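So the chains spell out like this:
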Amino acid sequence: MATTVGYIGVDHHHRDPYFAIASGLDVDITAVCEPGEPIDVESIAAMDERPDEITTEGQDAADLVAGATAYEDPHELIADSGVDVVWITYRNDETPAIVETAVDHGVHVVSEKPIGRTAADLEAVAEEANDAGVTVSPTTFYRKNPITMELRERVQEGFFGDIWTVQGRFNASQLAYRNTDHYIYDEATSRGGALQWIGPHWVDMMPWVLDDPIARVNAQFHDAKECDVDAGAVLQFETEGGVLGTYHTGYYLDERGKDTHLGIYGTDAQAQTPVHHDSLQHEPTVPLELTGDHDDWTGAPRRTIDYEFTYDRFPAWGDYVQDYFEAYFEGYETGDVPATVDDAVQLLRVLDAAYESAERDGWADV
């Protein structure tokens, strides 16, 4: 039997890709909501003016939710629709209250990251969810990326030896490509810009690969001219295990797409990779370049593994994103999901430290 889903936040540019993902899952979207706004389900159309990548992959957006009941109140949807899961793409400042209502009604949640403005917004809700056995998961789908999974496994096996440093970069299209009137780009609603929106992907992924949480942060930001959130950020950080890292993220590119890089540098091995390509980059493979000082690597200490990512089930970002949501829906009833509400709280704590660091111009503890 298909999982019934209530989708909250249809006025969000990730709605289209997530509708496309839902169409490939054993789920049935039986209820939809844009809080405070009436919805005519039959008139829902693909968002052609997106900041990057895709609309709904040629599908009719209304067909994907045909027959769904429309709600203006997300709390009413949760209480009355009888859905198994709510899938949320909504504003950071109001999402924790919606999640809390879901927890109170025993409804599981998958929500656009980071599920709040600050960690304080989510901490009590996370505790309630854990006590109630309700699964709440952020959309940190780089945990299902084949290269990051490979790197995490190599870290756990000791391939890198003692890791000295990690370097990350995740840049996306400039704000000129984006609708800066949307609440995503409003400080009161979202708290931050590039670091709070595109930045969380790798703020979550890098310590996950290292299996080593970030302990303190030193950050600086570029303020956007088009809106009142940050256009970009540079972070220095240190993990609990003493690994030093840097991370660059921002709305910098003069074209749609992504500019990404991940480097890991240890006593026994190093790795460099862009981690992924999206559909706009048209690269046939994604390289993982490894250099190892190991006895069984002496004949070829430098090696490149080319990953041929598939785009059949989710043509825009790659099938690994579909894998993430498949894993969520396979495991939400038991809590066996790629990322938990505690991971979301930890992510927000790192973001809190970054913004605090910039305000007082110094290091801040997580």
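Values in this document were obtained by computation on a predicted structure and should not be read as measured data. (Residues numbered from 1 in each chain as written. Predicted model: local features only at pLDDT ≥ 70, side-chain atom pairs only at ≥ 80, totals over all residues. Heavy atoms only, no water.)

Asks: Is there a simple way to think about the side chain of R143 in this case?
Replies: Position of R143 relative to the elements: it lies in the loop between strand 6 (136–138) and helix 6 (146–157). Among the polar contacts listed, one links the side chain of R143 to the side chain of D204, at a separation of 2.8 Å. At a separation of 3.3 Å, a polar atom in the side chain of R143 contacts the side chain of D343. In this structure, R143 is in contact with T148, M149, D204, W208, P338, A339 and D343, ignoring residues within four places of it in sequence. (Helix = DSSP H or I, 4+ residues; strand = E, 2+ residues; numbered from the N terminus. Polar contact = N/O pair within 3.5 Å; in protein donor to acceptor, adjacent residues only side chain to side chain. Contact = heavy atoms within 4.5 Å.)

Asks: When you look at the pairing of strand 1 (residues 3–8) in this model, what are you seeing that I'm missing?
Replies: The side chains of a regular strand alternate between both faces of the sheet. Across the six residues of strand 1, five count as buried, placing the element largely inside the fold. Pairing between strand 1 and strand 2 (residues 27–33): six bridges, direction parallel. Of the residues in strand 2, the one forming a bridge with V5 is I29. Taken together, strand 1, helix 1 (residues 15–23) and strand 2 form a β-α-β motif whose crossover is right-handed. The pairing of strand 1 with strand 4 (residues 85–88) spans four bridges and is classified as parallel. Bridge assignment links I8 to a residue of strand 4, and that residue is I88. (Buried < 20%, exposed > 50% of the residue type's maximum accessible area, 1.4 Å probe, protein only. Pairing = 2+ DSSP bridges. Right-handed = clockwise from strand over helix to strand, strands pointing away.)

Asks: Whenever I open this one, the nonpolar core confuses me. Can you help?
Replies: When a protein is soluble and globular, its nonpolar side chains tend to lie buried together. Counting 119 residues, the largest nonpolar core has V86, W87, L195 and F325 as its most contacted members. Counting residues per element, this core draws most heavily on helix 11 (residues 341–360), which supplies 10 residues. In contact with L195, not counting residues within four places along its chain, are P200, V203, F221, D230, A233, L235, Y247, T249, L351, A354 and Y355. (Core = buried A, V, L, I, M, F, W, Y, C linked by side-chain atoms within 4.5 Å.)

Asks: How should the environment of T246 be read in this particular structure?
Replies: By secondary structure assignment, the location of T246 is in strand 10 (residues 244–253). Taking the C-alpha atoms as reference points, T246 and S190, 56 residues apart in sequence, are found 24 Å from one another. When near neighbours in sequence (up to four residues on either side) are disregarded, T246 contacts V166, Q167, G168, L235 and F237.

Asks: Mind showing me how you'd approach helix 5 (residues 119–132) here?
Replies: An α-helical turn contains 3.6 residues, so any two residues separated by three or four positions project in the same direction. The end-to-end C-alpha distance of helix 5, which contains 14 residues, comes to 20 Å, matching closely the 20 Å that a straight helix rising 1.5 Å per residue would cover. Here helix 5 has its buried residues at A119, L122, V125, A126 and A129. Looking at the buried side of helix 5, the elements it contacts are helix 4 (95–104), strand 6 and helix 11. Downstream of helix 5 by one or two residues, G133 has phi in the positive range, about 70°. (Expected span 1.5 Å × (residues − 1).)

Asks: How do you make sense of the pattern of salt bridges when you look at a structure like this?
Replies: Working definition: two side chains of opposite charge can pair if their charged atoms are close together. A complete count under the given rule lists 17 salt bridges for this structure. A salt bridge links R349 to E123; the nearest nitrogen and oxygen atoms lie 3.1 Å apart. With a gap of 226 residues between them, R349 in helix 11 and E123 in helix 5 connect regions that are remote in the sequence. Residue classification places R349 among the partly exposed residues on the basis of a relative accessible area of 36%. Across the pair D259 and R169 runs a salt bridge whose closest N-O atoms are separated by 2.9 Å. (Salt bridge = Lys/Arg side-chain N within 4 Å of Asp/Glu carboxyl O.)

Asks: How do you make sense of the sheet that holds strand 9 (residues 230–239) when you look at a structure like this?
Replies: Pairing between sheet strands relies on hydrogen bonds along the backbone, with the strands arranged either parallel or antiparallel. Pairing within the open sheet is mixed, and its nine strands lie in the order 14-13-12-11-7-10-9-8-15. Looking at the sheet topology across the chains shown, the edges are occupied by strand 14 (302–307) and strand 15 (364–365). For strand 11 (residues 258–266) and strand 12 (residues 269–273), the ladder comprises four bridges, and the chain directions are antiparallel. Bridge pairing links Y265 to Q270 in strand 12. Helix-sheet contacts for helix 9 (residues 200–210) involve strand 7 (163–173), strand 8 (214–223), strand 9, strand 10 and strand 11, and the interaxial angle to strand 7 is about 155°. Docked against the sheet, helix 11 engages strand 8, strand 9 and strand 15, running at close to 55° with respect to strand 8. (Axes fitted to C-alpha atoms, helices over the stretch in contact; angles between N-to-C directions.)

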